[in-house]
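Letter by letter, the chains look like this.
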Amino acid sequence: ISAFDRWGRATNIELGSIKPQWKRGATNRYSQLECRVDATGTLTTLSRFLYEVEKSPLELRVDSVEFTSRDERGDKLTLGLLVSGLRLTPLEGRQ
């Protein structure tokens, strides 16, 4: 989660929210993190943010990307991003 903050600062975007959710894997050998990120910026800054996510050594998969215009000219955009990643240990707690 701290990586999103770091990428946001590096690309000069405004992070609105970061909502992580751990899920159990199909087997007990792994768990999956899904993370919804909402951010605001220009097309240039949001594109750079996506590039930082994609080139990260964290090996996150981008599941969904959504751009919405915040003004009539489309200068200010909102990004809705859904990413996921695997953790090769089971989720603690109930099986």
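Before reading further, recall that the structure is shown in the block above.
A short tour of the structure in this document, coming up. (Residues numbered from 1 in each chain as written. Predicted model: local features only at pLDDT ≥ 70, side-chain atom pairs only at ≥ 80, totals over all residues. Heavy atoms only, no water.)

Some thoughts on the sheet that holds strand β3 (residues 61-69)
Point 1. Strand order in the open sheet formed by four strands is β1-β2-β4-β3, with antiparallel pairing between adjacent strands. Only two strands of the sheet have a single partner each, and these edge strands are β1 (14-24) and β3. Along the sheet, successive strands turn relative to each other by an average axial angle of 15°, direction set aside.
Point 2. Alignment of β1 against strand β2 (residues 31-41), held across ten bridges, turns out to be antiparallel. (Pairing = 2+ DSSP bridges. Helix = DSSP H or I, 4+ residues; strand = E, 2+ residues; numbered from the N terminus. Axes fitted to C-alpha atoms, helices over the stretch in contact; angles between N-to-C directions.)

Considering helix α1 (residues 2-11)
Point 1. Looking only at α1, the buried set comprises Ala3, Phe4, Trp7, Gly8 and Thr11. Looking down the long axis of α1, one finds its buried residues gathered within 135° of arc, a one-sided arrangement. Set apart from the buried face of α1 by more than 90 degrees, the exposed residues are Ser2, Arg9 and Ala10.
Point 2. Tucked into the core, α1 has its buried residues touching β1, β2, α2 (43-55) and β4 (77-87).
Point 3. Of the residues flanking the end of α1, it is Asn12, one or two places downstream, whose phi is positive at about 60°. (Buried < 20%, exposed > 50% of the residue type's maximum accessible area, 1.4 Å probe, protein only. Arc of directions from axis to C-beta. Contact = heavy atoms within 4.5 Å.)

Concerning the environment of Thr27
Point 1. Along the polypeptide, Thr27 turns up in the loop between β1 and β2.
Point 2. Owing to a relative accessible area of 41%, Thr27 belongs among the partly exposed residues under this scheme.

Remarks on the pattern of salt bridges
Point 1. Evaluated as defined, the whole model comprises six salt bridges.
Point 2. The salt bridge partner of Glu34 is Lys23, with a shortest N-O separation of 3.2 Å. With a gap of eleven residues between them, Glu34 in strand β2 and Lys23 in strand β1 connect regions that are remote in the sequence.
Point 3. What makes Glu34 partly exposed here is its relative accessible area of 22%.
Point 4. The shortest N-O distance in the salt bridge between Arg61 and Asp63 comes to 2.6 Å.
Point 5. Assessed through its relative accessible area of 51%, Arg61 is described here as exposed.
Point 6. Through salt bridges with shared partners, a single ionic network connects Arg48, Glu52 and Lys55. (Salt bridge = Lys/Arg side-chain N within 4 Å of Asp/Glu carboxyl O.)

Focus: α2
Point 1. With 13 residues, α2 extends 18 Å from end C-alpha to end C-alpha; this agrees with the ideal 18 Å at 1.5 Å per step.
Point 2. Three or more residues of α2 are buried, namely Thr45, Leu46, Phe49, Leu50, Glu52 and Val53. One side of α2 carries all its buried residues, which in axial view fall inside an arc of 155°. α2 presents Leu43, Thr44 and Glu54 as exposed residues on the side facing more than 90 degrees away from its buried surface. (Expected span 1.5 Å × (residues − 1).)

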